[in-house]
Every structure is written in C-alpha cells, then in structure tokens.
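Architecture and fold: a report
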Amino acid sequence: MTAPDAAGKTLSFMWKGLLLALLSGVIFSLDGIVIGQSTHYPPFDRKDILLLVALASAGIHDICAACLITLYNWRCGRLRELGRSLASRPGKSVLIGSILGAMLGMGGYMTGLQLAGPAYTLPITTLYPAVAAICALFVLKENIPPRGWIGLILCVSGAVLVGYVPPAGLTGAYFYWGIAFAGIAALGWGTEGVCITSAMDFVEPEIALNMYYLTSVLFYLGLAVPCASMFLEIELTDVSGLFLRSGGTKILALAGAVCLCSYLCWYKSMNMIGVSRAMSLNIGYALWGILFSALFAEVELTGTLIVGSVIIFAGMCLVIGNPRKILSLRRVE
Amino acid sequence: MTMPVKPPFRLAVAALFLDGDRLSPEEVLASLAGEYARAGFFGPKVVALCLQCLSVNGILREETGRYLLTGYGRERVRKNLGG
C-alpha cells in the first residue's frame, strides 16, 4: 500500500469516527424525547416517589439495552469474547469504568437532583466532557490541539446554557451536598469515558458496551432501586407490579433500544477519534434535542436556546476541524 | 507466555507483534485463524478494522502496508497480558 493510500484510508476512518460521534448525539437526543413519553403513564407520573421512579426508569431502560446488546453479540458470534474480556486486564478496566459511570455518575446525578435541584445539577454535570478531556490528556496522552480545546469549551458552555433552568429560590439543608454530588457525577462520567477508551484499545467496543450495560443493570437492580425503596419506606413488592403492568415500561424499553444505538456509536467513536472529540460531539445532543423538540413537540425556541445552540454548533465545527490533521490520536512514539 | 484463557481478540492481535515482526493484515489473519476462526466475527474486515484502531491509538505503526508495534504499544500490550 502506498503512502497516499494509507493516508486516504486513515482520513476515511477519521470521518467515519466523527460521523458516529455526531450520530450518537442525534440518537441520544431522541432517547430523551422517548423517555419523556413514559412520564404520562402511572406510576411514572408520581411525584411522591420521584427518586424510585427515576431509578426504576433507568433500570428498565438499561435492562432492555443489556438484553439487546447481549443478543447482538451472540448473533455476531462475539459472546465468548465477552467471557474472555471479563477475565482479562483490559476487561477489568471496562468494569471499573462502568462502576464509575453507574455509581458515581448516575448515582451522583440522581442524588444531586434530589438535594440541589436541576438548576444547579444539570449545568455542573454537563462539565463531564471537560473532565474527560483533562483526564485523557494525562492518562491517554491524547493529542488535543488548541482549536479542539476551544471547541470543547464552546460545546460545554452551549450545553450548560441550553440545559439551564432558573433556580426555584429554595436551597434545602443539604444544598451544598447536592452540589458536591453533581460534581462527583461529572467526575464519574468523565473518568468512565477515559477508563473505557483505554480498555477499548484491546477490547471490542461492542463487548465493552455489553459489560457496561450488565454492570449498570446490577447497580440499579441490586443497589440503587432497593436503597431508594428503603429511603422512601416503600415495599418493592407493592410497587413492582404497577411498574411492570404500566404502558410506560414498554416506552422505556423502546428508549433503551434507542439509547443502545446511541451508546454503540459513542463507544465506537471514542475508540476511533479519541475521548475529547467524541465527547464534544456527543454533547451536541443538547442542540439536536432542541431541534427535534421544536419540530415535533412544538417547544418554543427562546433566545437562550438559540444562542446556546449556535455556541454548540460553532464548538462542534472547531472540534471536527480538519480531519486530515488527525493522523495520530496520542502523543506517543 | 501462558494464559488460562485466550486473550480478547484485539489483545491477541497486538500480542502477535511482540516478537518485533512487521505483519500485513493477511498474515495477522492467517496467524490467528487457528485460535479464532470458529468465532463468528472473525474475518478480514474485522482484522483490518482492528489494525486501523490499534494504529490510530498509537499501539501499532503502519509502514507500507505492514504494521509494527510502537514502544508505547509494547509497554501497553505487556502490561495488559500480565493480568
């Protein structure tokens, strides 16, 4: 193969990775819209058991995704690869990353929402791509040009602006604990991306994703949901039937399938174009969410939403930059 | 090096280069056919994609259609085979 052939092959590989990262954001925004539909069905509309509803929703969503990815890997003849990966050192890195994402990330996010409210929790947790980029710089020696940093900052700033909810004014006794938990969530999601990307050097993205979903299901069903029911003093046996019979469960299962497609694109793109680029483009879900909401849900486009969207779009253009210049993702020999 | 179970496919591909060999995708495919041919996913496309991913992430380096392990890649492969 001649040098121009090799360069052309790398360029088309990079374009594919960038498109997958963009696609992951587009599909993820649809996931949010589908999840939103489940809240029209009881008991998913109950505000008195909001914590349990949120954790059970996430659990049902991830159970469906875990079943589908396991089935997909079985159909592709990769199921033994799952066992081989679990027994290997990179497989253990995937497990650590999954635990960081599920426990610190999602656990911190849910706790932050409860204690500090969405006005503060959402913008803080949106910082996770910045946390990931900083970790990737040191741990993976990722090559991030100045234009990439500016793009990342714009993407994160735009997403913070789009997700901003005016504070309600009341800050409870545990408000600062809530802020701390939101910070922990950003740290959890950021480090999850770096841990899993490092492991995906030696583990197929489809297998890493399968391990992530299985860990997540264990976290929700084995720890989060039982803890929430104890905290709210609710017998799980009393409410589990309500959840299982609800039409909202079918919608959450559909959302799980949508989310799986998004995560598959995201994991593959992190492996192909690096954590910082993939996360910056993935966070564009905030932009696509606005677009889809305006088109299909008749959501009013406010000035803040438009400005935030323009900032995200500018950031994404800077992150994509000139793919011809991305020949090596890391500052190594 | 002996391992109780086969390593994940990508790690097995990278480990082929530990002897300092420069291998083409066809040679990688032939070298792993004995161990992984029964896996449904095994084939030239998956091997080519795997080599490309290892290459952009700095584990391998491509020179005129053949791949070789980088210093960083050697360190990472040894570390990951160890556990």
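Definitions and limits used
- Residues numbered from 1 in each chain as written.
- Chains lettered and ligands numbered in written order.
- Predicted model: local features only at pLDDT ≥ 70, side-chain atom pairs only at ≥ 80, totals over all residues.
- Heavy atoms only, no water.
- Helix = DSSP H or I, 4+ residues; strand = E, 2+ residues; numbered from the N terminus.
- Rg over C-alpha atoms; globule rule 2.2 N^0.38 Å.
- Pairing = 2+ DSSP bridges.
- Buried < 20%, exposed > 50% of the residue type's maximum accessible area, 1.4 Å probe, protein only.
- Polar contact = N/O pair within 3.5 Å; in protein donor to acceptor, adjacent residues only side chain to side chain.
- Contact = heavy atoms within 4.5 Å.
- Core = buried A, V, L, I, M, F, W, Y, C linked by side-chain atoms within 4.5 Å.
- Phe/Tyr/Trp six-rings, centres within 6.5 Å; stacked < 30°, edge-to-face > 60°.
- Lys NZ or Arg CZ within 6 Å of the ring centre and 35° of its normal.
- pLDDT = per-residue confidence, 0-100.
- Salt bridge = Lys/Arg side-chain N within 4 Å of Asp/Glu carboxyl O.
- UniProt positions renumbered as here; feature names shortened; annotations may be inferred.

**Quick look at the overall build of chain B**
Regarding its fold elements, chain B presents 4 helices and 2 strands. The N-to-C order of helical and strand elements in chain B reads α-α-α-β-β-α. On C-alpha atoms alone, chain B measures out to a radius of gyration of 12 Å, which is about the 12 Å that the 2.2 N^0.38 rule sets for 83 residues. Each principal axis of the C-alpha distribution contributes one length, and for chain B these read about 30 × 30 × 20 Å.

**Describing the pairing of strand E2 (residues 66-69) of chain B**
On a regular strand, each side chain points to the face opposite its neighbour's, so the side chains alternate between the two faces of the sheet. Residue and element names in this part refer to chain B. Across 4 bridges, strand E1 (residues 60-63) lies against E2 in antiparallel orientation. The residue of E2 that forms the bridge with Glu62 is Tyr67. Hairpin connection between E1 and E2: a loop of 2 residues separates the two successive antiparallel strands, and Thr64 in this loop has a positive phi of roughly 45°.

**A few points about the side chain of Asn282 of chain A**
Residues and elements named next belong to chain A. By the secondary structure assignment, Asn282 is in helix H12 (residues 275-282). Overall, Asn282 belongs to the buried group, its relative accessible area being 4%. Side chain to side chain, Asn282 and Tyr128 meet in a polar contact 3.4 Å long. Not counting chain neighbours up to four residues away, the residues in contact with Asn282 comprise Ala21, Ser24, Gly25, Tyr128 and Trp266.

**As for the nonpolar core**
Counting 86 residues, the largest nonpolar core has Leu209, Tyr213 and Tyr267 of chain A as the members making the most contacts within it. Discounting residues that sit within four places of it in the chain, Tyr267 of chain A has contacts with Glu192, Ile196, Met200, Pro205, Ala208, Leu209 and Tyr212 of chain A.

**Observations regarding unusual backbone geometry**
Residue Pro42 of chain A is joined to Pro43 of chain A through a cis peptide bond whose omega torsion reads 0°. Along the chain, Pro43 of chain A turns up in the loop between helix H1 (3-38) and helix H2 (50-75). In this structure, Lys141 of chain A is a non-glycine residue whose phi angle is positive, near 55°. In this fold, Lys141 of chain A is placed in the loop between helix H6 (128-139) and helix H7 (146-163). Phi at Thr64 of chain B takes a positive value of approximately 45°, unusual for a residue other than glycine. Mapped onto the fold, Thr64 of chain B is located in the loop between E1 and E2. The exposed category is assigned to Thr64 of chain B, whose relative accessible area is 69%.

**A look at the packing of aromatic side chains**
All names here are of chain B. Counted under the stated rule, the structure contains 18 aromatic pairs over all chains. A centroid spacing of 5.9 Å and a plane angle of 90° characterise the contact between Phe9 and Phe42, whose relative ring orientation is edge-to-face. You can see Phe9 sitting in helix H1 (residues 9-15) and its partner Phe42 sitting in the loop between helix H2 (25-36) and helix H3 (44-56), a full 33 residues away along the chain. Geometry around Tyr36 places Lys6 over its ring, the cationic atom sitting 4.9 Å from the centre.

**A look at the confidence of the model for chain A**
Averaged over all residues, the pLDDT of chain A equals 88, while 97% of them reach at least 70. Across chain A, helix H11 (residues 247-273) of chain A holds the top mean pLDDT of 95, while helix H5 (residues 118-125) of chain A sits lowest at 82.

**Structural notes on the environment of Gly82 of chain B**
The topology assignment puts Gly82 of chain B in helix H4 (residues 71-82). Along the chain, Gly82 of chain B and Leu51 of chain B lie 31 residues apart, while their C-alpha atoms are 21 Å from each other.

**Overview of the pattern of salt bridges**
Inspection of every chain in the model, using the stated rule, returns 11 salt bridges over all chains. Note that Arg84 of chain A is salt-bridged to Glu81 of chain A, the shortest N-O span being 3.0 Å. Remark: Glu81 of chain A and Arg84 of chain A occur in helix H3 (residues 79-86); sequence separation between them is 3 residues, near one turn of the helix. We note that Arg84 of chain A, like Glu81 of chain A, is buried. Ionic pairing is found between Arg76 of chain B and Asp201 of chain A, a salt bridge with its closest N-O pair at 2.7 Å. Taken together, the residues span two chains, with Arg76 of chain B in helix H4 and Asp201 of chain A in the loop between helix H8 (175-199) and helix H9 (205-231). Taking relative accessible area as the criterion, Arg76 of chain B reaches 12% and is therefore assigned buried. Note on Asp201 of chain A: relative accessible area 2%, which makes it buried. Each of Arg78, Glu206 and Lys268 of chain A takes part in salt bridges that share partners, so that together they form one network.

**A short note on the UniProt feature "domain: EamA" (unreviewed entry) in chain A**
All names here are of chain A. As annotated by UniProt and renumbered to match this structure, "domain: EamA" (unreviewed entry) occupies residues 16-163 and 177-320. Each end of residues 16-163 is marked by a C-alpha atom, and these two atoms are 29 Å apart; helix forms 83% of the span and strand 0%. Here residues 177-320 runs as 87% helix and 0% strand, with 37 Å between its end C-alpha atoms.

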